[in-house]
Structures are given as C-alpha cells and as structure tokens.
Amino acid sequence: MNQQPVQTRRRRVPALSPDERRATIIAATIPLLRTYGAAVTTKQIAEAAGVAEGTIFGVFPDKASLILAALGTAFDQETVLRQLSAIDPQAPLRERMRDAATILLRRFEANIQLMMVARTLPTETGRQQVEQLMEGRRRLVGAVAELIEPDRALLRRSPASTANMLVLLVIASVRPELAEPDTLDADGVVAVLLDGLLVRPTDTTGGDA
C-alpha cells in the first residue's frame, strides 16, 4: 500500500503591527547613523531591519522623517534619568558624583556621533533636534543637581552650577575634537571638580611635567 507523503504546511510568521514595524526600523537605523551619519541609505536600513525598502516608506514619508524619529528615540532621556534617580542619596558626595559621571559618560559616548548627525541636518530640522538636545541636557543637569543638593554647604558653587560643570566636563571628554590624549574617566571628572588641578603636599600621584 503506497503511503502518500505527508504535506507539512509552513507556519506563517505573524505580521508585525505598525508600531512594532516602526520600532524595528528605528532600532536598525540608530547604529547605522552612528556609522554613516545622515548619508546612510534606506537600502542599508532595510537590509539591517530585515524588511523591503518599500516597507520603510509605508511607515515613514521620507528618509528625513525616519532619521528624526531615530534621533528622537536615541536622545530620549527617560532611561538615563531613571538610572540617575537610582543612585543612593545616602552615599558620600564623591561617590554619588562618580556614579552620575559614569552613567553620563556611557550615555554621551553612545550618542556623540548622533549629536554630530543632528547638527548636519537641514536648518529647520536640525534646529528642532538641537533644541531637543539642549532640553535633554537641562533635565540631566537638574537630576545631577538633585544628587548634589544634600551637600550644598560643602561646595563653593551651587548644586546646579556644579552639576552643569560635571555635564560639560563629561561632554568634553567624549568629543574627539576637545578631548586630550588622556581622556577623563568618571573619577577624573569628579576629581577636577572637587579637588581642582593643583598638586597638594600630601598628593603622591604627582602630575604632568
């Protein structure tokens, strides 16, 4: 008796919802922007996202809109603000500031190339992104200032001013055109703010000749 071969029906992969498709395309775009900047092509994005190139234009009206959405996602501050708020407020000031600098260094190192992309966008579009960056920076400074506030009496500058200087030092340390050959790590950033650069008699580490 001849047995008929069993026909196996291929299971269909569930189609992505519009929101899932949008998120997938944005997630694929962000690392490509870090590598290629605004010159990244929709073909490269489609290949990275595993979709047809036409699918991109079913979600975004044009490449500029996709780049804006990707930058907006990358620059969203909620995750880093949660990380800063999780720092132990009872820890010593130096430790709190070091933890904040570590979080910010990670953040800016990941996004420094994207900041450059935002500045290469057409005038109106670029202006919106720069404004978003500035507003995000203000929120970060505010969060760091809250960490510093309990030790206000120990500092010659206000918590807000100290927090702003910490953020600026972090940004300078990750920008290639500003950073020195020996870039500042989190401890270095905090040391510059709290200790300055003068060698004290008890300092056994010495300094540059």
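Only a predicted model underlies this, so the values are computations on that prediction, with no experimental measurement involved. (Residues numbered from 1 in each chain as written. Predicted model: local features only at pLDDT ≥ 70, side-chain atom pairs only at ≥ 80, totals over all residues. Heavy atoms only, no water.)

1. Remarks on the overall build of the protein chain
- If you tally the helices and strands in the protein chain, you get nine helices and zero strands.
- Reading the secondary structure of the protein chain in the N-to-C direction produces α-α-α-α-α-α-α-α-α.
- Looking at the protein chain as a whole, 34% of its 209 residues are labelled buried.
- Accessible surface, the protein chain: about 13400 Å² in total, of which carbon and sulfur atoms supply 53%. (Helix = DSSP H or I, 4+ residues; strand = E, 2+ residues; numbered from the N terminus. Buried < 20%, exposed > 50% of the residue type's maximum accessible area, 1.4 Å probe, protein only. Areas by Shrake-Rupley, 256 points an atom, 1.4 Å probe, with all protein chains shown as cover.)

2. A closer look at the packing of helix H6 (residues 93-118) against helix H8 (residues 159-174)
- Where H6 contacts H8, the two axes come as close as 9 Å, and the packing angle between them is 40°. Considering the angle they form, H6 stands oblique to H8. The crossing of H6 and H8 is right-handed. Here H6 contributes Met-97, Ala-101, Leu-104, Leu-105, Phe-108, Glu-109 and Ile-112 to the contact with H8, which in turn contributes Thr-162, Leu-166, Val-167, Val-170, Ile-171, Ser-173 and Val-174.
- Class assignment for the residues of the contact of H6 with H8 results in eleven nonpolar, two polar and one charged. (Axes fitted to C-alpha atoms, helices over the stretch in contact; angles between N-to-C directions. Parallel < 35°, antiparallel > 145°, perpendicular 65-115°, else oblique. Left-handed = near helix turned anticlockwise from the far one by under 90°. Contact = heavy atoms within 4.5 Å. Nonpolar A, V, L, I, M, F, W, Y, C, P; charged D, E, K, R; others polar.)

3. Remarks on helix H5 (residues 78-85)
- Among the residues making up H5, those that are buried are Val-80, Leu-81 and Leu-84. Along the long axis of H5, the arc covered by the buried residues comes to 100°, so they all point the same way. Of the exposed residues in H5, those oriented more than 90 degrees away from the buried face are Arg-82 and Ser-85. (Arc of directions from axis to C-beta.)

4. As for the environment of Ile-25
- Along the polypeptide, Ile-25 turns up in helix H1 (residues 18-36).
- On the basis of relative accessible area, Ile-25 is assigned to the buried category, the value being 0%.
- Between the alpha carbons of Ile-25 and Ala-70 there is a distance of 8.6 Å; along the sequence they are 45 residues apart.
- Those residues in contact with Ile-25 that sit more than four places away from it in its chain are Ile-45, Ala-49, Thr-55, Ile-56, Val-59, Phe-60 and Leu-66.

5. Examining the nonpolar core
- Within the largest apolar cluster, 55 residues are counted, with the highest numbers of intra-cluster contacts made by Leu-33, Leu-71, Leu-84, Leu-104, Phe-108 and Val-170.
- At the level of secondary structure, the elements contributing two or more residues to this core comprise H1, helix H2 (42-49), helix H4 (63-74), H5, H6, helix H7 (123-148), H8 and helix H9 (186-195).
- If you tally residues by element for this core, the top one is H6, at 13 residues.
- Non-local contacts of Leu-71, meaning those with residues more than four positions away in its chain, are made with Leu-33, Leu-114, Val-117, Ala-118, Leu-121 and Gln-129. (Core = buried A, V, L, I, M, F, W, Y, C linked by side-chain atoms within 4.5 Å.)

6. Side note on the confidence of the model for the protein chain
- Mean pLDDT over the protein chain: 85, with 83% of residues reaching 70 or higher.
- Every residue in residues 6-13 is under pLDDT 50, and counting partners more than four places away or in other chains gives zero contacts. (pLDDT = per-residue confidence, 0-100.)

7. A look at the packing of H1 against H4
- At a minimum axis distance of 9 Å, the contact between H1 and H4 shows a crossing angle of 85°. One way to sum up the angle between H1 and H4 is to call them roughly perpendicular. Across from Arg-22, Ile-25, Ile-26, Thr-29, Ile-30 and Leu-33 in H1, the residues of H4 making contact are Leu-66, Ile-67, Ala-69, Ala-70, Leu-71, Thr-73 and Ala-74.
- By residue class, the composition of the contact of H1 with H4 is ten nonpolar, two polar and one charged.

8. Digging into the side chain of Arg-107
- You can see Arg-107 is positioned in helix H6.
- Buried and unpaired, Arg-107 has no salt bridge, with Asp-76 as the nearest side chain of opposite charge at 6.3 Å.
- Excluding residues within four positions of it along the chain, Arg-107 makes contact with Ala-74, Phe-75, Asp-76, Gln-77 and Val-80. (Lys, Arg positive; Asp, Glu negative; His and termini not counted. Salt bridge = Lys/Arg side-chain N within 4 Å of Asp/Glu carboxyl O.)

9. Structural notes on the pattern of salt bridges
- In the structure shown here, the tally under the stated rule is six salt bridges.
- A salt bridge links Arg-98 to Asp-99, with the nearest nitrogen and oxygen atoms 3.4 Å apart.
- Arg-138 is paired through a salt bridge with Glu-135; the nearest N and O atoms lie 3.0 Å apart. Taken as a pair, Arg-138 and Glu-135 lie in helix H7 at a separation of three residues, close to a single helical turn.

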